[in-house]
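# Structure at a glance
In case you want the letters, here they are:
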Amino acid sequence: MNNSVPVSDFTVECLKLGKTYPPDITALQNVSLTAAPGEILFVTGVSGAGKSTLLKLICRRESPSGGMVMLFGQNLARIGSAEMQLIRRRIGVAYQDFRLLPDLSVMHNVAMAMEVDYRPRRLIRQRVGRLLEQLGLTDKERRPVSDLSLGEQQRVAVARAAANQPALLLADEPTGNLDEKSGALVMALFRELAAAGTTVIAATHDEKLHRDSGHQVLRLERGCLVEDTRHEKAY
Amino acid sequence: MKKRTNPIPQILRQTGSNLAKTWPTQIMGLFTVMLAVLIFSFFLLVHLNMLATGARLGEELRLTVYLEREIEPPLMARLEQQIRQFGDIAEVRYTSRQEAFARFADQLGEERDILDNLGPEFLPPSIEVTPKPSLRSPDDLERLAAHLLTLPDTTRVQYGREWLRRFSAFNRVLQAVVLISGVLLILNMIFTISHSTRLAMAARREEIEILRLLGASRSYISIPFVAEGLLQGGLGSGLGMAALWLFYQRIGNPVNDPGLLGLFTPSFLPLPVTAGIIVGGTLLCVVSSLLVVNKALRI
Ligand SMILES: Nc1ncnc2c1ncn2[C@@H]1O[C@H](COP(=O)(O)OP(=O)(O)OP(=O)(O)O)[C@@H](O)[C@H]1O
Ligand SMILES: [Mg+2]
């Protein structure tokens, strides 16, 4: 558990990543990318292009059929399960299907991410309170998640992913159910995290979100990388 | 931001919230463990007391060899030698007609006048043989009695033979009951606790999955469930013992009155046995839930 020495300048490096779901559904092919600390990266593409699959490979919810993922300079495939749990606490993930506990309150759902990292109670209350305020959820904080609208649940998922000020934040369709105003709140939070060093990778088909934002955009098409704004010429 | 605290309070909170969610199963488990401990330790209590009573009675056990006629000391010395040849004999004592008559008169006390017209002749002389504690089983005593019957001038040998047989058979049955109820106790605990742990985990399946996604350590997830096993096992065994103690106070003490000639003086289970049952029960429950949790989290 030696996290002290950074072996790589990148938070995430993907090398010729491929994923084939059984029986032979190719969701991702030969995708290489890097993401540095403080960088915000958008992964776009039509539905079914492989955006969620890419994020799942990066946080090891799925294992690649080819290629490899380096996370914080370590080969993801070689990390033992106990250490993987430690690493998971440094990654915040906002899932496309939220994965919240519907019976628990908004606050409690967000706090869980910090509780598993044994953060002090006082700090948890402060941080959760501030995040919910930033995302416009303060008046809902004591409500069970099941009472919330989809857009509200989506923001709770983002708040939980951001709770530990993770080194890497993966957000799958973070604004899919949001109006422009709430979408802007989420983007503001991403920028704040990135300014503090977090690498943010967001999958979205919401053009408005990244157009003219100045952030990097990767476009996937049927599992292949067809555009990378950083290496325009390469494709 | 990387500030961390002692994980124990958080794990305790997690355990508390687990308990709050599944308490009906927990209570059922607790109750089952308690009942199993109560039943097992009740049989053990009876068994140990019977053994103690047997030992106490054994101290007063002697065989009386009735003789046809009085025996002179030289012949008596030879007889004693023959008796001791059997081995494991603690004491051999001759009782003449005269002594027997005096003892009988003593026992009669106030009513001794009924002996007025009788001489000592109507009571036979006898030899009282006390075996050593190593010679107390019904079979050994029967062999000793047969040996004594071969002595010259012996008319009959008397001891509480039927009673001894029954007592010893009863103790053997009790021993079997203790063993069987012990095995049932163990099986019951394993079954109850694994079942209750499995239910508790099923009730929180979704939460366990999310905790893993968030990076919770294995112990963070499993300790609350194992703690439930510990609570059920520890509290259940403790309450079972407490129930036995209350029962003993109500039933055991009244038996302990002098009406029964002080032959039967019950005592509660010794402290090490009591502690052993509680600790053993607790450990068994902890191990049961640990196994279930480990198996569930491996997949
Ligand atoms: N578990 C799975 N088993 C089989 N096929 C899968 C599985 N998950 C995804 N796929 C397939 O892989 C392809 C890529 O799916 P993915 O979820 O990555 O797309 P996406 O870009 O996130 O789409 P959306 O915008 O609708 O969320 C799709 O064709 C999908 O049907
Ligand atoms: Mg998707």
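What counts as what
- Numbers given to residues run from 1 along each chain, matching the order in which its sequence is written.
- Chains carry letters from A onward and ligands carry numbers from 1 onward, assigned in written order.
- Reporting of local features is limited, given that this is a predicted model, to residues whose pLDDT is at least 70; pairs of side-chain atoms are given and counted only at 80 or more, and all residues count toward the totals for whole chains, interfaces and linings.
- With hydrogens and water set aside, each side-chain value is computed from the structure's full complement of heavy atoms.
- What counts as a domain boundary in this text is fixed by an automatic or database domain assignment.
- Whether two residues are in contact is decided by their heavy atoms: any pair within 4.5 Å suffices.
- The term buried area refers to how much accessible surface (probe radius 1.4 Å) is lost by two components on association, counted for both of them together.
- A pairing counts as a salt bridge when a side-chain nitrogen of Lys or Arg comes within 4 Å of a carboxyl oxygen of Asp or Glu.
- Under the pairing criterion, centres of Phe, Tyr and Trp rings, with the six-membered ring standing for Trp, must be within 6.5 Å; the plane angle then separates stacked pairs below 30 degrees from edge-to-face pairs above 60, leaving the rest tilted.
- Only runs of H or I of at least four residues qualify as helices and only runs of E of at least two qualify as strands under DSSP, and these elements are numbered from the N terminus.
- The cut-offs for exposure are 20% and 50% of the maximum accessible area for each residue type, with area from a 1.4 Å probe on protein chains only; residues under the lower value are buried, those over the upper are exposed, and the others partly exposed.
- By definition here, charges over rings are those cases where NZ of Lys or CZ of Arg is within 6 Å of the ring centre and within 35 degrees of the ring normal.

### Section: the domain arrangement of chain B
Often the size quoted for an interface is simply the accessible area lost on bringing the parts together. Looking at the assigned domains, one finds that chain B contains domain 1 (7-57 + 167-298) and domain 2 (62-158). Look at where the C-alpha atoms of domain 1 of chain B and domain 2 of chain B centre, and you get two points 53 Å apart.

### Examining the domain arrangement of chain A
All names here are of chain A. Each assigned domain of chain A is listed with its residue range as follows: domain 1 (1-90 + 166-235) and domain 2 (102-165). In this structure, domain 1 and domain 2 have C-alpha centres spaced 23 Å apart. Contact with domain 1, which involves 18 residues of that partner, is made by 18 residues of domain 2. Around 1,400 Å² of area is buried between domain 1 and domain 2 when both sides are counted, 59% of it from carbon and sulfur atoms. Of all residues in domain 1, Arg89, Pro166 and Leu189 give up the largest surface area on contact with domain 2, accounting jointly for 39% of the area buried on that side. Put simply, domain 1 and domain 2 have two salt bridges between them.

### With respect to the packing of aromatic side chains
Under the criterion given, the structure shown has six aromatic pairs over all chains. Ring plane angle 80° and centroid distance 5.4 Å describe the contact between Phe42 of chain B and Phe247 of chain B, whose orientation is recorded as edge-to-face. Of this pair, Phe42 of chain B sits in helix H1 (residues 7-59) while Phe247 of chain B sits in helix H7 (residues 218-255); the two residues are 205 residues apart in sequence, bridging distant segments of the chain. For Phe42 of chain B, a relative accessible area of 29% corresponds to the partly exposed category. Note on Phe247 of chain B: relative accessible area 36%, which makes it partly exposed. Within the aromatic cluster, the residues linked to one another by ring pairs are Phe42, Phe43 and Phe247 of chain B. Above the plane of the ring of Phe72 of chain A lies Arg90 of chain A, whose end atom (NZ or CZ) is 4.2 Å from the centre.

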